[in-house]
Amino acid sequence: MTIRVLVAEDQAAVRAALVMILRAEPDIEVVGQAADGEEAVRLALELRPDVVLMDVQMPRLDGVSATRQVVAAGAGQVLVLTTFDLDEYVYGALRAGAAGFLLKDLEADTLVEGVRTVARGDGMLAPSVTRRLIGAFARPDRAVGPEAREAVAGLTPREREVLACIGAGLSNGEIAARLEMAEATTKTHVSRILAKLRLRNRVQAAILAQDLGLSV
């Protein structure tokens, strides 16, 4: 299956490099390019790509606001690119429904892996900062609404364990090993958790788990 990608980046040289890397892959097609947030939203709505590679800092409409609009319209999974691993906009982008984020100094194969991972519906966070990001921005003292708490209370004990593992930044394979169950079973639990909590992806589940102070 060909993965259709929209690249949104205001710096022409960076945008050209990203496009070149992605076009070199036989299973990835760059269907559009945007130089600002408003254009990114317009093209996403028009082209309906599988993945929108979104720069977090762009003119006319910032990446966070653009991400929120793209996700709300169901116009593609959003993978955010940022210069700094603790960029103040990144957490907002994840809250807005981004499937993850990567740093701009990444290797080409990491970019390709990120696009493929997000296209599959999985979350993708820069490995070097996953736990740092969640720990810095998703603190247990952050307010969690009563509806979210009620939804989490409705999870089974096993699902709560899986949610806590997601909050710790563990992959499905790591969760399976930690809880001594098959990886396929882990994937089923993750899908059910997202459905019950009405979350768009596992990144949002990780943030919620940290907000609630769940631990493994």
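The structure under discussion appears in the preceding block.
Rules behind the numbers
Residues numbered from 1 in each chain as written. Predicted model: local features only at pLDDT ≥ 70, side-chain atom pairs only at ≥ 80, totals over all residues. Heavy atoms only, no water. Helix = DSSP H or I, 4+ residues; strand = E, 2+ residues; numbered from the N terminus. Buried < 20%, exposed > 50% of the residue type's maximum accessible area, 1.4 Å probe, protein only. Contact = heavy atoms within 4.5 Å. Areas by Shrake-Rupley, 256 points an atom, 1.4 Å probe, with all protein chains shown as cover. Expected span 1.5 Å × (residues − 1). Arc of directions from axis to C-beta.

Chemist: Go over the overall build of the protein chain with me, naming the residues and quoting the values.
Modeler: Of regular secondary structure, the protein chain possesses eleven helices and six strands. Buried positions account for 49% of the 216 residues belonging to the protein chain. Across the protein chain, the fraction of contacts at a sequence separation of at least 24, relative to all contacts at a separation of at least 6, is 67%. Accessible area of the protein chain: about 10100 Å², with a carbon and sulfur share of 50%.

Chemist: Tell me about helix α10 (residues 183-197), residues and numbers included.
Modeler: The first and last C-alpha atoms of α10 sit 21 Å apart over 15 residues, in line with the 21 Å expected at 1.5 Å per residue. Among all positions of α10, only Thr186, His189, Val190, Ile193, Leu194 and Leu197 are buried. Projected down its long axis, α10 carries its buried residues within an arc of 135 degrees, all on one side. More than 90 degrees from the buried face of α10, the exposed residues found are Ala184 and Ala195. If you follow the buried residues of α10, they end up packed against α7 (146-153), α8 (157-167), α9 (172-179) and α11 (202-211). Among the residues trailing α10, Arg198 stands out with phi positive, at a value near 55 degrees.

Chemist: Any chance you could break down α11 for me, citing the residues and the numbers?
Modeler: For α11, the buried fraction is high: ten of the ten residues fall into the buried class. For α11, the set of buried residues is Arg202, Val203, Gln204, Ala205, Ala206, Ile207, Leu208, Ala209, Gln210 and Asp211. In the segment just after α11, Gly213 is the residue with positive phi, at about 75 degrees.

Chemist: Please provide a residue-by-residue account of unusual backbone geometry, values included.
Modeler: Of all residues except glycine, most have a negative phi; of all peptide bonds, most are trans. Positive phi values are uncommon outside glycine, yet Arg60 reaches one of about 70 degrees. Taking the relative accessible area as the measure of exposure, Arg60 reaches 62% and is therefore exposed. The phi dihedral of Glu180 is positive, around 55 degrees, even though this residue is not glycine. Tracing the backbone shows Glu180 in the loop between α9 and α10. Overall, Glu180 belongs to the exposed group, its relative accessible area being 71%.

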